[in-house]
Amino acid sequence: MRPSRRAPDELRAVSLERGVVKYAEGSCMVKFGDTHVLVTATLEERLPPWLKGQGRGWVTAEYGMLPRATLERTRREASAGKQNGRTVEIQRLIGRSLRATLDLEALGERQITVDCDVLQADGGTRTASITGAWVALADCIGWMKTRNMVKANVLRDNVAAISCGIYNGTPVLDLDYAEDSEADTDANFVMTGDGRIIEVQGTAEKTPFSEAEFLALMGLARKGVARLVDLQKMAVA
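Rules and cut-offs
Residues numbered from 1 in each chain as written. Predicted model: local features only at pLDDT ≥ 70, side-chain atom pairs only at ≥ 80, totals over all residues. Heavy atoms only, no water. Helix = DSSP H or I, 4+ residues; strand = E, 2+ residues; numbered from the N terminus. Rg over C-alpha atoms; globule rule 2.2 N^0.38 Å. Buried < 20%, exposed > 50% of the residue type's maximum accessible area, 1.4 Å probe, protein only. Contact = heavy atoms within 4.5 Å. Areas by Shrake-Rupley, 256 points an atom, 1.4 Å probe, with all protein chains shown as cover. Lys, Arg positive; Asp, Glu negative; His and termini not counted. Charge placed at Lys NZ, Arg CZ, Asp CG, Glu CD. Expected span 1.5 Å × (residues − 1). Phe/Tyr/Trp six-rings, centres within 6.5 Å; stacked < 30°, edge-to-face > 60°. Pairing = 2+ DSSP bridges.

A. Region of the structure containing the overall build of the protein chain. Along the backbone of the protein chain there are six helices and nine strands. Computed over its C-alpha atoms, the radius of gyration of the protein chain comes to 18 Å, within 12% of the 18 Å expected for a compact globule of 237 residues. Seen along its three principal axes, the alpha-carbon backbone of the protein chain occupies a region of about 55 × 40 × 30 Å. By residue count, 49% of the 237 residues in the protein chain fall in the buried class. Sequence-distant contacts, at least 24 apart, represent 70% of the contacts inside the protein chain between residues at least 6 apart. When the accessible surface of the protein chain is totalled, it reaches about 11,500 Å², and 49% of it is carbon and sulfur. Within the protein chain, one finds 31 positive and 32 negative side-chain charges whose respective centroids are separated by 5 Å.

B. Up close: the environment of Thr60. Within the element layout of this structure, Thr60 appears in strand β4 (residues 58-65). Not counting chain neighbours up to four residues away, the residues in contact with Thr60 comprise Arg99, Gln111, Ile112, Thr113 and Val114.

C. Broad picture of unusual backbone geometry. Of note in this structure, Asn148 is not a glycine but carries a positive phi near 60 degrees. Its place among the elements puts Asn148 in the loop between α4 (125-146) and β6 (159-167). In the Ramachandran plot, Asn168 falls in the positive-phi region, its phi being about 55 degrees despite a non-glycine side chain. Tracing the backbone through its elements, the reader meets Asn168 in the loop between β6 and β7 (170-173). Given a relative accessible area of 60%, Asn168 falls into the exposed group.

D. Structural context of helix α6 (residues 211-236). Counted at 1.5 Å a residue, the expected span for α6 with its 26 residues is 38 Å, and the 37 Å between its end C-alpha atoms agrees. If you check which residues of α6 are buried, you get Leu217, Met218, Leu220, Ala221, Gly224, Val225, Leu228, Val229, Leu231, Gln232 and Ala235.

E. Region of interest: the environment of Pro171. Secondary-structure assignment places Pro171 in strand β7. The exposure class of Pro171 is partly exposed, given its relative accessible area of 25%. On a C-alpha basis, the gap between Pro171 and Val88 in space is 28 Å, while along the polypeptide they are 83 residues apart. In this structure Pro171 touches Pro8, Gly165, Ile166, Ala216, Leu217 and Leu220, once residues within four positions along its chain are discounted.

F. Summary view of the packing of aromatic side chains. As enumerated under the stated definition, the model contains two aromatic pairs in all. Pairing Trp50 with Trp58 gives two aromatic rings, centres 5.1 Å apart and planes at 80 degrees, and the pair type is edge-to-face. Classification of Trp58 as buried rests on a relative accessible area of 16%. A ring pair is formed by Phe189 and Phe214, whose centres lie 6.1 Å apart and whose planes are at 35 degrees; its orientation type is tilted. Of the two residues, Phe189 sits in strand β8 (residues 185-192) while Phe214 sits in helix α6, which places them 25 residues apart along the sequence. Here Phe189 falls in the buried class, since its relative accessible area comes to 0%. Look at Phe214 and you get partly exposed, because its relative accessible area is 27%.

G. Molecular detail of the pairing of strand β2 (residues 26-32). For β2, the tally of buried residues reaches six of seven residues, placing the bulk of the element in the interior. Where strand β1 (residues 14-18) and β2 come together, five bridges link them in antiparallel fashion. Paired with Val14 across the two strands is Phe32, which belongs to β2. Taken together, β2 and the strand that follows it, strand β3 (residues 35-44), pair antiparallel across an intervening segment of two residues, in which Gly33 is found at a positive phi of about 60 degrees.

Encoded structure:
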C-alpha cells in the first residue's frame, strides 16, 4: 500500500492555473498534490551574445525553492553567493525540455525566460515545473501572437514530465516525498505530447533495477504524461 493510498498508476491531484501573475507574459500555478510551483514566462527583446545574428530565438529557465518550501528552512542561495549543483541541473533540464519542441527560428531573435519558483515541495518539483512551464510558455507565445510578433506555429508539441519509482518492490507513478525518500529506484521521464522521449533520469537508490522493471516504469510514465498533456490542453483551450 502506498502512503497516499493511491493506486500504483494513479497521479496525485494535478491542477494548472493560468494567468496568476499580472505582469508576466505567461504564468501558471502548477500543483502536483502538495508540491506547488509558480511559473512565469518573460519575453525579452535580447539574446545571449553567442546567439546574435543567427536568426533564431532562445528559451532558458531558472529554478529555485523558497526557504520554507520544505519542512525545515533552507538558506537562500543568494545569501550563499552561488547556486548549488541541484539547482543548476534542474534549471538546465527545464530549459532543454522546453526547447525540444520549439521552432526557435519562428520565435525570432528574442529570448523567453521561464522562472520556476517552488512554493511548497513534496516530491517531483522538477516534473511539476516542466509541466507548468509549458503552460506558461504557451501563454507567452499566445501573447506574442495577439500582437503579431510571431505568425508561424512556434510550439510544435506539448511537453510534460512525471516521476516514477519502485517503492516496496512495486513500480509506482508520481512519487511524493514519503515514497521518494524510501524508493528503491527513482526516475524522471520528460516526454512530448505524441509520446516521444526528451529525457530520462533513472537511479537505483538502494537496489539495482532490471530491464523489465525499467519498462514497467516507462509504461507508467507514458500513462501519466498522457494524462498531464490532456490537462495542459484543457488549461490552454
